[in-house]
Amino acid sequence: RRIEYVMDKLTDWKRKITFVLASATIGKPEEFAASLFGVKSDEVHIIKANTISTSQSLPQHSKVRIFAFVMPKAYTRDATAVRLLGKFVKEYASRINQVPKGVVFTNFLDESNELLHSLRFDQIIRGVLDDKIGGHTTDFDLDRVSVENEFKAGKIYLLVATSTLEVGVDYGVIDYVMIYGMPNTLTSFIQR
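Residues numbered from 1 in each chain as written. Predicted model: local features only at pLDDT ≥ 70, side-chain atom pairs only at ≥ 80, totals over all residues. Heavy atoms only, no water.

Participant: Mind showing me how you'd approach the overall build of the chain here?
Facilitator: Along its length, the chain carries 7 helices and 4 strands. In the chain, the order of α-helices and β-strands from amino to carboxyl end is α-α-α-β-α-α-β-α-β-β-α. In the chain, once contacts between residues fewer than 6 apart in sequence are set aside, the share between residues at least 24 apart is 64%. For the chain, the accessible surface area stands at approximately 14,200 Å², while carbon and sulfur atoms represent 54% of it. (Helix = DSSP H or I, 4+ residues; strand = E, 2+ residues; numbered from the N terminus. Contact = heavy atoms within 4.5 Å. Areas by Shrake-Rupley, 256 points an atom, 1.4 Å probe, with all protein chains shown as cover.)

Participant: Before we go on, may I ask you to explain unusual backbone geometry in this structure?
Facilitator: Note: most peptide bonds trans; most residues except glycine with negative phi. We note that Asn97 has phi near 65 degrees; this positive angle belongs to a residue other than glycine. Counting through the fold element by element, Asn97 comes out in the loop between α3 (77–96) and β1 (102–106).

Participant: Sorry, what's going on with helix α4 (residues 109–121) here?
Facilitator: Since one α-helical turn is 3.6 residues long, residues separated by three or four positions face the same way. Taking 1.5 Å per residue as the helical rise, α4 with its 13 residues ought to reach 18 Å, and the 19 Å between its terminal C-alpha atoms agrees with that figure. Of the residues making up α4, those classed as buried are Glu111, Ser112, Leu115, Leu116 and Leu119. Along the long axis of α4, the arc covered by the buried residues comes to 125 degrees, so they all point the same way. As for α4, its buried residues are in contact with α3, β1, α5 (123–129), β2 (133–135), β3 (158–161) and β4 (176–180). (Expected span 1.5 Å × (residues − 1). Buried < 20%, exposed > 50% of the residue type's maximum accessible area, 1.4 Å probe, protein only. Arc of directions from axis to C-beta.)

Participant: Where do I start with the sheet that holds β2 in this structure?
Facilitator: Each strand in a sheet pairs with its neighbour through backbone hydrogen bonds, running either in the same direction (parallel) or in the opposite one (antiparallel). Pairing is parallel across the open sheet formed by 4 strands, whose spatial order is β2-β3-β1-β4. The outermost strands of the open sheet, each flanked by one partner alone, are β2 and β4. Direction aside, the axes of adjacent strands within the sheet are offset by 20 degrees on average. Here β2 pairs with β3 via 3 bridges, running parallel. Across the sheet, residue Gly134 finds its bridge partner in β3, namely Leu159. Where α3 meets the sheet, its contacts fall on β1, β3 and β4, and the angle it forms with β4 comes to roughly 170 degrees. Of the strands in this sheet, β1, β2 and β3 are in contact with helix α6 (residues 144–152), which crosses β3 at around 140 degrees. (Pairing = 2+ DSSP bridges. Axes fitted to C-alpha atoms, helices over the stretch in contact; angles between N-to-C directions.)

Participant: Looking at this structure, I do not really get the pairing of β4. What am I missing?
Facilitator: The two faces of a sheet get side chains in turn, since along a regular strand they alternate between them. Here β4 shows one buried face, formed by Tyr176, Met178 and Tyr180, and one open face, formed by Val177 and Ile179. Where β1 and β4 come together, 5 bridges link them in parallel fashion. Within β4, the residue paired with Phe105 across the bridge is Ile179.

Participant: What should I look at first to understand the environment of Ala33 in this one?
Facilitator: Along the polypeptide, Ala33 turns up in helix α2 (residues 29–37). Considered as a pair, Ala33 and His45 are 12 residues apart in the sequence and their alpha carbons are 9.5 Å apart.

Participant: Could you clarify how one ought to interpret a nonpolar patch on the surface in this entry?
Facilitator: Together, Leu21, Ile26, Phe32 and Leu36 give the surface a local cluster of nonpolar side chains, amounting to about 350 Å² of exposed area. By secondary structure assignment, the location of Leu36 is in helix α2. (Patch = residues over 30% accessible without salt bridge, like charges linked within 9 Å, V, L, I, M, F, W, Y side chains within 5 Å. Salt bridge = Lys/Arg side-chain N within 4 Å of Asp/Glu carboxyl O.)

Participant: What should I look at first to understand the pairing of β1 in this one?
Facilitator: Most of β1 is tucked away, with 5 of its 5 residues classed as buried. One ladder, built from 4 bridges, connects β1 with β3; its direction is parallel. Among the inter-strand pairings, Phe105 is bridged to a residue of β3, identified as Ala161.

Participant: How should I be thinking about the nonpolar core in this particular structure?
Facilitator: Here is a general trend for soluble globular proteins: nonpolar side chains tend to be buried in one another's company. Ranked by internal contacts, the top residues of the largest apolar core, which has 18 residues, are Leu85, Val104, Leu115, Leu119, Ile125 and Leu158. Of all elements in the fold, only α3, α4, α5, β3 and β4 reach the threshold of two or more residues within this core. For this core, the element with the highest residue contribution is α3, accounting for 5 residues. Setting aside its immediate chain neighbours within four residues, Leu158 contacts Leu85, Gly102, Val104, Leu119, Leu129, Lys132, Ile133, Gly134, Phe151 and Tyr176. (Core = buried A, V, L, I, M, F, W, Y, C linked by side-chain atoms within 4.5 Å.)

Participant: Sorry, what's going on with the confidence of the model for the chain here?
Facilitator: Low pLDDT marks stretches whose predicted atomic positions should not be read closely. Looking at the chain, pLDDT values average 79 and 85% of them are 70 or higher. Element-level pLDDT for the chain is lowest in helix α1 (residues 2–10), with a mean of 75, against a maximum mean of 91 in β1. (pLDDT = per-residue confidence, 0-100.)

Structure follows, in structure tokens:
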């Protein structure tokens, strides 16, 4: 309203302002935008983005979300995560006949280092993902941006990321997310 007021009162530009909002998560966007700007719902126009090309199709299971909380008992936390992830990617690849693409979020850079190292040496994961594993590490010889771009381009199937990638990064279509260690806030959990 302040922008509209300033444009109306302090300039001679007499055109209506168009506001553009973007979200991947808001339910009932027409109602939300209408209430935000104080207009009627029929004054709001929704433009849906095509996130998948017409040559691609998502498997039916992709609409399912499964949450599994695991507390390691017999192995260390990273060994448990590696075993769980190894079984998951192997089963996924055999059932869907496609290598799954996913992100593993860690809370700290040292966790990312340890987990990435363990994943790269696991025989089951290497058997399915080959060497297409990348992530955030303290190895500054590797450019983090190039790793992220390779993941987006499908050259990397598994990305181990710190919280720096939980907000505002478009990964394209991914098949799974693993959260390694409980995030500090519920918002961070939902965003991941």
